[in-house]
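Close look at the chain arrangement
So you can see what is in the structure, the chains are spelled out below.
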Amino acid sequence: MATKLTYELTYQAPLTDVGEMLMEPSFREAVCAAQGALRTDVSVGPGGSGMKVVVDQVQASAGMPGFAKKFVGDEINLIQTELWSDLENAEVEVEIPGKPGQMAGTITLHEADGTTTETVSMEIKVGIPLVGGKIEGLIADLLRKALQKENEVGRTHLAG
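Attention here is on the structure that accompanies the text. (Residues numbered from 1 in each chain as written. Predicted model: local features only at pLDDT ≥ 70, side-chain atom pairs only at ≥ 80, totals over all residues. Heavy atoms only, no water.)

**Examining the pattern of salt bridges**
Selection rule: Criterion for a salt bridge: a side-chain nitrogen of Lys or Arg within 4 Å of a carboxyl oxygen of Asp or Glu. Runs of H or I in DSSP of at least four residues are treated as helices and runs of E of at least two as strands, each being numbered from the N terminus. Exposed residues in this analysis have more than 50% of their type's maximum accessible area, buried residues have under 20%, and partly exposed residues fall in between, with area computed by a 1.4 Å probe over protein chains only.
In this structure the tally under the stated criterion is six salt bridges. Notably, a salt bridge pairs glutamate 123 with lysine 4, separated by 2.6 Å at the nearest N-O pair. Placement of the pair is glutamate 123 in strand 7 (residues 115-126) and lysine 4 in strand 1 (residues 3-11), with a sequence separation of 119 residues. Overall, glutamate 123 belongs to the partly exposed group, its relative accessible area being 26%. Its salt-bridge partner being arginine 144, residue aspartate 141 comes within 2.7 Å of it at the nearest N-O pair. Separated by three residues within a single helix, aspartate 141 and arginine 144 lie in helix 4 (residues 132-159), roughly one turn from each other. A relative accessible area of 40% means that aspartate 141 is categorised as partly exposed. One network of salt bridges, in which partners are shared, links Lys4, Glu123 and Lys125.

As structure tokens, this is what we get:
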């Protein structure tokens, strides 16, 4: 079983501006800082036929329920890899090294009337008997909060 999550981020900006923002290491670092990352390493460069964005961050697990914290420890390392085939479409994968969980999905950008919508669609899988579903739900909630923070940082960034 897996948990599916779709989340939309909206920006009052052209698609090209949003796409370029998503390829800026400084923007990705600002998002990680706003999300409370303890450590961050961001790289952006050619990948396949498009661009590859890798965001490697470490977050504190403070505030997580006890059942989840015992699996991740005091810190959780998340490595997000995005392979952008063009400025509008990416495959995304988030891995948690050494832990029985993964997230994979897509990111798409669409512009209408000067507003760009970034749609993140993910499938979350945690292979732990009995509590896997609970942990998937917790990860989905954390991902929603992280995307809300990314949207806030992005709107500020685009406003100049």
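**Things to note about the nonpolar core**
A general trend in soluble globular proteins is that nonpolar side chains are found buried together. To keep it simple, the criterion reads: Side-chain atoms within 4.5 Å are what join buried Ala, Val, Leu, Ile, Met, Phe, Trp, Tyr and Cys residues into a set we call a nonpolar core. In this description, contact between two residues means that some pair of their heavy atoms is separated by no more than 4.5 Å.
Residues Val18, Leu22, Trp84, Met103 and Met122 are the most contacted members of the largest nonpolar core, which totals 35 residues. Secondary structure elements with two or more residues in this core: strand 1, helix 1 (15-22), helix 2 (25-34), strand 3 (50-60), strand 5 (89-95), strand 6 (101-112), strand 7 and helix 4. Apart from the residues lying within four places of it in its own chain, the contact partners of leucine 22 are Phe27, Arg28, Val53, Trp84, Leu109, Glu118 and Glu150. Counting residues in each nonpolar core, the second largest holds six residues, with Ala68, Val72, Ile76 and Ile96 among its members.

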